[in-house]
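Remarks on the overall topology
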Amino acid sequence: MIRPQEVVDSSEWREASVWHESWQAAEHAAVHAFGPQLVNLETAGVITMWWFTRKGAEWRIRYLPAPIREVDAAAAISRILDAAATEGLCTRWAHTIYEPLIGAFGGQASLDSAHTLFHADSRQVLGHLTIGGGHKRELALLLIAAMLRGAHRDWYDQGEVWRLLTQERTIPSSPLAHDDIATVQQLLIGDTESTPAKIGVPASWFAAYEHAGQRHFDLDRLGVCTRGLNAVLAHHALYAWNRLGLPEPVQGALVAAAAHAVFCPGLIDSSAANSGHAVGPMSNVVAVTTDTTTPDPSPAELRDELADKILGRGTFRTAAVERAFRTVPREVFLGAVELAEAYRPGPVVTKRAGDGTALSSASDPNLVATMAEDLDVRPGHRILEIGAATGINAAILAELSGTQGRVTTIEIDQDLAAGAAAALAKTGYTTVTAMCGDGAAGWTAAAPYDRIIVTAGAWDISAPWWDQLATGGRIVIPLRLHGSGLTRSIAFDLQPSGHLTCSHTRVCGFVPMRGAAAQATTSITLAEHVTLNIDAADEADQGALARVLTHPGEARWTGINVTDFEPVEHLDLWLATHSTGFSRLSAGAPARRAGIADPALRWAGAGLYDGATLAYIAARPHGPASRELGITAHGPGSRSLTDRFIELLHEWNHTRPARPVITAHRADTPDDRLKAGTRIERPDTRLTIAW
């Protein structure tokens, strides 16, 4: 039994408001930066609880400082948010005043119980979003149903809570489909114990809601609440769905179906009963049952599930790109693979060489979405795509450019070009022209282009692309910045002066271009499942390097710690621009398990070599979400190369530059017109990289 004096004065809570460019950017920052750092502060005993609420592109973070740690907590929050603003994760932030809704939650004791749930739920929501954030609609119903049962609400008491919620949200004007109501009813009466495992969420999430319901029931029985229990529970639902990121139209559809399921299950429009699932907010709600013969999901359901996963990662920054992903039927373009495979969150290889090397693939959907957002396509744009592959990306570009836009996509293989053209025709994308040719030459007939996107790893920005991009236009290109294969997807804007400036730089990996623009990587086999990639221009002693792992490894740790959510993904590029002998070590799982080589995964095996000695970055756990960097070296010069490597890492650690500034000029640009920085020379382009 909860005693009314066991409460926390709500005036002890603090608030910070954080503004972002969009709600998607806000969610991304919370999932990948703010949430993990708040967990760290909680673990360190600086704060005891925290939670958040969404206000569109603004998030309000509420936190409770630990006793006598008020100053420390405020300073820590300031450091986190100042760093976020500097790194572009938010546009601005401010310490604001938390005004608790004491009356809405039925008094101070009841609000204290609410805060406990808010804290547990916030951690669960952000954790769920890191793995894709699927089943939001189902969770919205199931979690509140768990709370209602914890509060000892019988079936009709639960119905009254849903009815109260219909007064807080706009419900659909059209009749609800019979199948939708039946599905919602099944969710409301489902087995609480087995449900979490079925949808892949922790049982502790449901337990937190059940426990909160029990606490509110106890307080209500003590007579200390200032508002009815059903009304308090309904208010909890609104807060829970806000944290979950459930759009209000979806909330309206769910509460209408839930109230209908309780009070009038027999009064269903017969025309709706035969209509199947509704198209709209209810279309993704699926029942969670114990039946092991669950029907296979439809393409539309898989499409939405994939889009939800991308949305959960914070990749979508515009409604247009999200809508395109929920529209383009991937299964038509990937007809040779199973339906589920067409919608899995990863690349799908569609053509291989005789030795098994991937020649073409449908890129990772999240990376496709990232590049589509970076390309910033507007209705009416003329677009050139290099690398048609399956045609999926061209279809997305057609969705974004609209009926007045034009997309030209080029594929070097005749069979792939024909397949893409057929799929585009079958799906009705008449604004796309697919053709076979060498993409390095572009397509003069439809130039100039407002946007150019390259979907294969490119060694250079070819002269035809320079010529065919309109002034003020943008090219997004996965550019190989080092001969070892180190690649970045870069969004370049063509300035009136004729040079390109970058607006976005992303870590990526692509099948390399073929044809006139092809450039081979030098790969050296060091052991079974272990390969070293280097720049052919370095003229390394490949024989000596091939024997490097015959020398015992020497590990040294640096005391430099990085957390999983810090923006340090460009450390490998920084090393490549600050030292000679940069390399990338690829070690398969068998080699790692055998202790042959275990490079840090985060930077794709970034390392340095000098003569017959190789050193690479390693990492070991340091805290709940951090790792210490180390160096593992093999060869006769291990000590001196490790010393140099560690000195470089400490130099990097001093400033930890988050983003490279990359500028591109045509190959005939004189030195005095180039920007300061490391220079990279290509046949048609002169690049500079600064930090």
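First things first, this report covers the structure right here in the doc. Every chain is numbered on its own, with residues counted from 1 as its sequence reads. Side-chain atom pairs in this predicted model are given and counted only at pLDDT of 80 or more, local residue features only at pLDDT of at least 70, and totals for whole chains, interfaces and linings cover all residues. With hydrogens and water excluded, all non-hydrogen atoms of the structure serve as input to the side-chain values.

Looking only at helices and strands, the protein has 23 helices and 23 strands in total. Taking 691 residues into account, the globule formula puts the C-alpha radius of gyration at 26 Å, and the protein, at 28 Å, falls close to it. Relative accessibility decides the category of a residue: with a 1.4 Å probe and only protein chains considered, values under 20% of the type maximum give buried, values over 50% give exposed, and everything between is partly exposed. With 691 residues in all, the protein has 53% of them scored as buried. Pairs at least 24 residues apart make up 69% of the contacts formed inside the protein by residues separated by at least 6 positions. For every accessible area listed, the method is Shrake-Rupley and the probe measures 1.4 Å; residues are considered covered only by the protein chains on display. Of the accessible surface of the protein, which amounts to about 28900 Å², a share of 52% is contributed by carbon and sulfur atoms. Separation of charge centres in the protein, based on 59 positive and 75 negative side chains, amounts to 2 Å. Helix and strand definitions follow DSSP, with helices as H or I runs of at least four residues and strands as E runs of at least two, each counted in order from the N terminus. With the radius of gyration taken over C-alpha atoms, the globule rule is written as 2.2 Å times the number of residues to the power 0.38. Contact between two residues is taken to exist if any of their heavy atoms lie within 4.5 Å; hydrogens are not considered. The charge count treats Lys and Arg as positive and Asp and Glu as negative. His and the chain ends do not count. For this purpose, a charge sits on NZ of Lys, CZ of Arg, CG of Asp or CD of Glu.

The next thing to look at is the pattern of salt bridges. Each reported salt bridge corresponds to a side-chain nitrogen of Lys or Arg within 4 Å of a carboxyl oxygen of Asp or Glu. All told, the structure shown has 30 salt bridges when counted by the stated rule. A salt bridge links Arg54 to Glu27; the shortest N-O distance between them is 2.8 Å. With Arg54 in strand E2 (residues 47-55) and Glu27 in helix H1 (residues 23-43), this residue pair connects regions lying 27 residues apart in the sequence. For Arg54, a relative accessible area of 9% gives the class buried. Look at Glu27 and you get buried, because its relative accessible area is 0%.

To continue, consider the pairing of strand E12 (residues 487-494). Most of E12 is tucked away: eight of the eight residues are buried. What you see with E12 is no split at all: Thr487, Ser489, Ala491 and Asp493 on one side and Arg488, Ile490, Phe492 and Leu494 on the other are buried throughout. When DSSP finds two or more bridges between a pair of strands, those strands are recorded as paired. As judged from the seven bridges shared by strand E11 (residues 469-480) and E12, these two strands associate in the antiparallel manner. The residue of E12 that forms the bridge with Leu479 is Arg488. Counted between consecutive antiparallel strands, the loop separating E11 from E12 contains six residues, among which Gly485 sits at a positive phi close to 105°. Taken together, the seven bridges between E12 and strand E13 (residues 500-507) define a ladder with antiparallel strand orientation. Counted as the bridge partner of Ser489 is Arg506 from E13. In this structure, the hairpin formed by E12 and E13 is closed by a connection of five residues, where Gly498 is found at a positive phi of approximately 100°.

Here we come to the sheet that holds strand E3 (residues 58-65). One open sheet accounts for four strands, arranged E2-E3-E1-E4; its pairing is antiparallel. Of all strands in the sheet, those bounded by a partner on one side alone are E2 and strand E4 (92-96). Within the sheet, the average angular offset between the axes of one strand and its neighbour, ignoring direction, is 20°. Across five bridges, strand E1 (residues 14-19) lies against E4 in antiparallel orientation. Residue Ala16 lies in a different strand from E4, and its bridge partner there is His95. Across the face of the sheet, helix H2 (residues 70-86) comes into contact with E1, E2, E3 and E4 while running at roughly 165° to E4. The axes are straight lines fitted to the C-alpha atoms, using for helices just the contacting stretch, and the angles between their N-to-C directions are given from 0 to 180°.

Moving on, we get to the side chain of Asn230. Turning to its location among the elements, Asn230 is positioned in helix H9 (residues 229-244). Residue Asn230 is classed as buried on the basis of its relative accessible area, which comes to 15%. Look past the residues within four positions of Asn230 in its chain and what remains in contact with it is Arg153, Asp157, Glu160, Val161 and Leu164.

Stacked, edge-to-face and tilted labels apply to pairs of Phe, Tyr and Trp rings (six-membered ring for Trp) whose centres lie within 6.5 Å, assigned for plane angles under 30 degrees, over 60, and everything in between, in that order. By the definition in use, this model includes nine aromatic pairs. One aromatic cluster in this structure is built from Trp51, Tyr98, Phe105, Phe118 and Tyr239. Put simply, a charge is over a ring when the Lys NZ or the Arg CZ is close to the ring centre, within 6 Å, and near the line of the ring normal, within 35 degrees. Lying across the ring of Trp459, Arg682 places its NZ or CZ 3.5 Å from the centre.

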